[in-house]
Amino acid sequence: MSIYPIGECLPRKDGRAKVTGKSKFGADWNVTGQLYAAVLHSPHGHAKILSVDVSEAKKLPGVRAVLCGACCEVLYGHMLVDQPIFAVNKVRYYGEPVAAVAADDLRTAKEAVRLIKVEYEPLPLVDSIDDALSKKAMVHDDLMAYQALGGVSPVAGTNIVDTYTLKHGDIDEGFKQADVVVENEFYCAMGQHTPLETHVAIADADEHGCHVYTPAQSPFMIRGVLAKAFGYRVDRVRVTCTEIGGGFGCKVEARLEPIAIALSRAARKPVKIENDRGEEFESALCRGPVRFRMKTGATKDGKLVAQHMLIHWDTGAYTTFGPRINFNAGFGANGPYHIPNAFVDSYVVMTNKTLATAYRGFGITEVACAHETQMEALAEKLGMDSLEFRLKNVLRDGMESVTGEIVTSMGGAECLEKAAEGIGWKDKPRRWVTEDGKLRGKGLACYMKLTGTPSTTSAMLRVNDDGTVTLLEGSRELGQGVETALPQIAASVLGMNPERILMSPVDTAFTPYDKTTTASRSTFHGGNAVMLAAKEIIEKLKPLVAKKWKVDLASIVFKDGVFTSKNNNTLTLHMDDIGKSGIMKEEPPVLATGTYGTKALWDAPDKYHQSKRPAAFWMIGAQAAEVEIDPKTGTTKIIRMGAAHDVGKAINPDSCRQQIEGSLVMGVGNAIMEEMIYQDGVLVNGNLVDYKIPTSMDADFEMNIALVEKPDPEGPHGVKGIGEPGLAPTAPSIINAISAACEHRFTTMPVKPEDVLFRGE
Amino acid sequence: MTHKTIKATVNGEVYERTIPVCMTLAEFLREELGLTGTKIGCNEGECGACTVIISGKPMNSCLVLAVEADGAEVLTIEGVSQGEKLHPLQQAFLDAGAIQCGFCTPGMVLTAKALIEENPNPTEAEVRKGIEGNICRCTGYNRIIDAIMNEAERVRGDK
C-alpha cells in the first residue's frame, strides 16, 4: 500500500535557491570585522623543524596574528588525538600547516606568509605501505602517547595505528575443501573527493567559547572535537552550517576550523580561512591508498568455501577516520556472499602523506575491487559465467554472513540480475573485437556495506501559526536530497501537503543532536526520528481539535491527514487547514520531538567481529559495465552501465536515481582517471588539470538504473541508504570489464591508458 | 598597490568602483558587489564554477581582471531570473533534476544560456562539448544536458 507522498518524485526544496545563486556556501559568508587567514605549508614530506622565524611577518602592516607550532601546542583528532594545528618539532606530510597569519585582507596575509622563515632538516621518508611496515622511519615516535578516544588500536613501536580481525569458521579447513584457489594482490591508489567547493571556515573565538561557520557534514562531531581541543564546554562551541558545495566524506572532519579558532583567539577578531585548490589537494583530505592480498577458494561446482584477506590501509600522517574505514570496510571485505570460512586481517598504517578519511563509502569501493577481482578470477578458472557464479554464492535471506549474522531483507540476487540485464549481459560474450579493431569487454561487480552502528539522532517538528511545519534535524543537505526526503516522511505521517513542511538550517545552537551525515544513514535514522515526532504532533493537536469542536478527546480520530469525531460525522479538519481553523490561537505552541538510536538493536561484535547484528541495516547492490578499449592508445570508453541497488523503499525515486547517476560518473573517475601522485614525498599533480576528474565528455554512456525495493523492517517505510552505494561497484565493474576486454587481469585502481598499453610488461 | 577606476554594467546596473588592478572579475563581483552567486572552485580557470557572460560570451571570471570589464556588460546568475520569476532555463534545470549540491549550478546555467543564444539548435554532442569546461562532481552531467536540450527546444518554439 502506498502512502502519500512516499515514492513521489517531488522537486528538491533547495533547488530554487541553488539555481538563482542565492544559496550561501561557506565562502559566501562573512562576519563583520573579520580578518583573513593564510597558511604556510610544509614543502617536505618528513623533516625536522629547526627554526621558525615569524618576526618579519609580524612587522608587516595589517598583520594581526601569526601562529606556529611553538606557540600553539593544541592537539586534536576524532579517534586518536594526534594532530597538531601547526606542526610541532617536525612536519609529517607535504602540505602540513606550519604557521598561519591573520591580517586585515587576504593579500597582506599571503604576503606575510612569504616572510616567515623556516629551517628544515629532511628526515627519511615513509613513502609507502611497505616503508611503514618495515619501520624504515617512524612517522610518530610513540603512538601510545596520544589519547585514544575509542575505536582505535595503535600498536606500540610501529607505524600501525589500528588493527581489525574478522574470523568466521575455520579458514584452513575451508581451503582444504577447495578445488580451485585464486590468489591476487590489488592496489588502490590515492584519490581525492574533489568537491567543487574547497574547505572554508570562519571562527569568532575567545577563551570562553567559539562560533564557527563551516560547510560541515558532521557539525556535532566537529563541535565535540573543537570543544576537546580547546578545552571549551560543549555548549559554548556553536557550529553554524553553511550550504555544502559537495562533501563525499571530506567535510566530515575538523580541518580548517581549528586554525581559524586559534587565529581568532590570538587576534581577538573573527577570522576567515579558505583553501585554494592547491591547498585543498595537498592538505585537505583524501582517499588513502590500500593494498589487498586475497586468497579465495571454491569447489568445482562453484561454491565459495574460504576467503582470506590481508589488508593494509594507508591513512597518511595522522589518524583521522582511518580506523573507522578499517572497521566498516572490514565487515564488507568479503562481499555479499555466503562464505563459510573467512578471515580478514587488516591494518591501518601511517605514512608521510596527506590525510585519508571517509570517501563515499568508508573503503567499500576498495574492498569491492578486491573481492570482485577474485570472483571474476574464480569464475574464469571454473569456466563459469561470472553472473551465474555470483548468483550461486550471493547471500539470500536466512543465510549466515561472514559476520555471523542470519541475514534478512537481502536484495543481492535481484540486484545482480537487474544490473546485468542493464547491459544485456546474457546476450554478449565476455569479450569481443569490434569491426574497427576496438576491444570490448563486460564486467560485473557487487558489494555489501553496513551503516555505522550504533548511532543516534533527534528531530523536532514545530507547527507554525499558519499551520505550516518546520522540521529541525541535523542531517546536512549535500545534494543528496535529505531536505526533501525528510519532509516527505513527515508528510506521510501528518497527511499534509509536503510543500508546507520545510527543514531549518542546521546550527548546533538550536538543532537537535544528530551524529553525522555519513554512511548513507540520514533517511533511515532521521526518518525514524521524524516519524516519531510527527506522531506526537498529531496527539498534541487532538485535544485542540476536541476543544474547538466541544467533543470528547476520546472521540477524535486522525486518518490520512484528517481529524474527525466519532460522535459527529459532520466535523472534519484537514491538517492543511490547521492554521486557518484557529485551534492553536493562544494555546501553548504545538511542537514535538522524536529521538532515535540503534544501540538497543545492536549486538556488540566480539574480538573476531562476529555479531548477531553488527549493523542497523545493510546496503547491497550491483553494477555491470560494457567498455571499449582502443588498443592503439590504451584509452577506455564506457559504453553502457547497468546499476541496480536495493534501496529498501525509495522515498523519492528520482533522488535515488540521481545519487546513482552521479556515483556512476564519479566511479568512472575512480576507475580510469584519478590518482594523486607523490614523488619524493611531494604531491606533483595537485590541480584540476593534472588530477583529472570526469567532465561531461567522460559521462557519455548509457545508464540503465533499477531500484530494487526489499523493505528493511526497521527503516521508516522500509528505507535503507543510497548516498554511497552507487559508487561501490562502479570502479570494480569497469576494471573487470577492462580485464575481460584485454584478456589481462588488472589489479589496480585506476587503470590508466599507460597501464593498458604496457600491460604484462 | 596600483588602483584604477572602472565602470561596468553588471546585470543591467552600472557600477563605478576604484579597485586594485590585480583584482579578478570574480573577486570584484563577490567582494565589491556582494554578488556571491558567482562561485570560485579553483581560481585558475579549470572548473568553470565562476562562469559569467561578458558581452555575450561565457568566460571564467577568475581569469579576467576586473579592469578588463571596464565598459563591459556582465551577466551573473543574479541577473538571469526575470524579476521574481525564474528564467525558463533555470526552471529547466529544476525540472530535469540537474542540481545536487548546487555549487556548479550558477556557472553551468550561464554557460548553457550563452550556448543556446549562440546555437538554439544544438545536438546533444554539441551541448556535451559546450559544458565540458564546467565541472560537476555530483550529477553525472546527463540531467544537465537534458535541461539544456529541453530549453533549446522551447526557445526554438518546438515545445
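Residues numbered from 1 in each chain as written. Chains lettered and ligands numbered in written order. Predicted model: local features only at pLDDT ≥ 70, side-chain atom pairs only at ≥ 80, totals over all residues. Heavy atoms only, no water.

Q: Account for the interface of chain B and chain A, with residues named and values stated.
A: Chain B puts 45 residues into the contact, and the matching count from chain A is 49 residues. Interface area lost by chain B to chain A is led by Q100(B), R137(B) and R143(B), which between them contribute 22%. The interface formed by chain B and chain A contains seven salt bridges. In this assembly, chain B and chain A are joined by 25 residue pairs in polar contact (both at pLDDT 80 or more). If you list the elements that add at least two residues to the side of chain B that touches chain A, you get α1 (25-32), α2 (88-96), α3 (105-118), α4 (124-130) and α5 (142-156) of chain B. Taken together, the residues of the side of chain B that touches chain A sort by class into 20 nonpolar, twelve polar and 13 charged. (Contact = heavy atoms within 4.5 Å. Buried area = accessible area lost by both parts, 1.4 Å probe. Salt bridge = Lys/Arg side-chain N within 4 Å of Asp/Glu carboxyl O. Polar contact = N/O pair within 3.5 Å; in protein donor to acceptor, adjacent residues only side chain to side chain. Helix = DSSP H or I, 4+ residues; strand = E, 2+ residues; numbered from the N terminus. Nonpolar A, V, L, I, M, F, W, Y, C, P; charged D, E, K, R; others polar.)

Q: Any details on the packing of aromatic side chains? Residues and values, ideally.
A: Residue and element names in this part refer to chain A. Under the counting rule described, the total for this entry stands at 13 aromatic pairs over all chains. Seen in terms of ring centroids, F558 and F563 are 4.7 Å apart; in terms of plane orientation they differ by 55°. Their pairing is tilted. In this structure F558 comes out as buried when scored by relative accessible area, which is 18%. Sitting above the plane of the Y608 ring, K167 keeps its charged end 4.8 Å from the centroid. For the cation-ring pair, R287 lies above Y359, with the distance from its terminal atom to the ring centre recorded as 5.2 Å. (Phe/Tyr/Trp six-rings, centres within 6.5 Å; stacked < 30°, edge-to-face > 60°. Buried < 20%, exposed > 50% of the residue type's maximum accessible area, 1.4 Å probe, protein only. Lys NZ or Arg CZ within 6 Å of the ring centre and 35° of its normal.)

Q: Tell me what's going on with the domain arrangement of chain A, and back it up with residues and numbers.
A: Residues and elements named next belong to chain A. When the domains of chain A are assigned, the result is domain 1 (15-22 + 455-597), domain 2 (31-123 + 196-246 + 251-283) and domain 3 (290-453 + 604-757). Of note, the centres of domain 1 and domain 3, computed from C-alpha atoms alone, are 38 Å apart. Across the contact, 19 residues belong to domain 1 and 23 residues belong to domain 3. Buried area between domain 1 and domain 3, both sides added, is near 1500 Å², and the carbon and sulfur share of it is 59%. Area buried by domain 1 at its contact with domain 3 is led by A519, S520 and F524, which between them contribute 40% of it. Run the count over domain 1 and domain 3 and you get zero salt bridges. At the junction of domain 1 with domain 3, the criterion picks out nine residue pairs in polar contact (both at pLDDT 80 or more). Looking at the side of domain 1 that touches domain 3, the elements with two or more residues in it are α13 (482-494) and α14 (522-549). (Domains from an automatic or database assignment.)

Q: So, the environment of H211(A): which residues are in play, and what are the values?
A: Residues and elements named next belong to chain A. With respect to the element layout, H211 can be found in strand β14 (residues 210-214). Separated by 316 residues in sequence, H211 and G527 have C-alpha atoms that sit 29 Å apart. Not counting chain neighbours up to four residues away, the residues in contact with H211 comprise I202, A203, D204, R238 and T240. Reaching out from H211, the side chain makes a polar contact with the side chain of Y213 at a distance of 3.3 Å.

Q: Account for the layout of surface pockets, naming residues and giving values.
A: Estimated volume of the largest pocket: approximately 1200 Å³. Taken together, 46 residues make up the lining of the largest pocket; nearest its centre are L106(A), K110(A), E274(A), E27(B) and N43(B). Tallied by class, the residues present in the lining of the largest pocket amount to 19 nonpolar, twelve polar and 15 charged. In this model, the second largest pocket occupies a volume close to 760 Å³. In terms of lining residues, the second largest pocket is bounded by 39 residues, among which H78(A), M79(A), F321(A), R324(A) and K515(A) are the most central. Mapped by element, the contributors of at least two residues to the lining of the second largest pocket are β4 (75-76), β11 (160-168), α6 (219-230) and α9 (322-332) of chain A. (1 Å grid on protein atoms, 1.4 Å probe; cavity = no way out; pocket = protein on both sides within 12 Å on 5 of 7 lines; lining within 4 Å. Points joined across faces, edges and corners; volume = space filled by probe spheres on them.)

Q: Before we move on, could you go through the sheet that holds strand β20 (residues 431-433) of chain A and cite the residues and values that matter?
A: In a beta sheet, neighbouring strands pair by backbone hydrogen bonds and run either parallel or antiparallel. Residue and element names in this part refer to chain A. One open sheet holds the five strands; their spatial order is β20-β21-β29-β30-β33, and the pairing between them is mixed. Both outer strands of the open sheet, β20 and β33 (702-708), are each paired with one neighbouring strand and no more. The mean inter-strand angle of the sheet, taken between neighbouring strand axes irrespective of direction, is 15°. By the bridge criterion, three bridges tie β20 to strand β21 (residues 439-450) in an arrangement that is antiparallel. (Pairing = 2+ DSSP bridges. Axes fitted to C-alpha atoms, helices over the stretch in contact; angles between N-to-C directions.)

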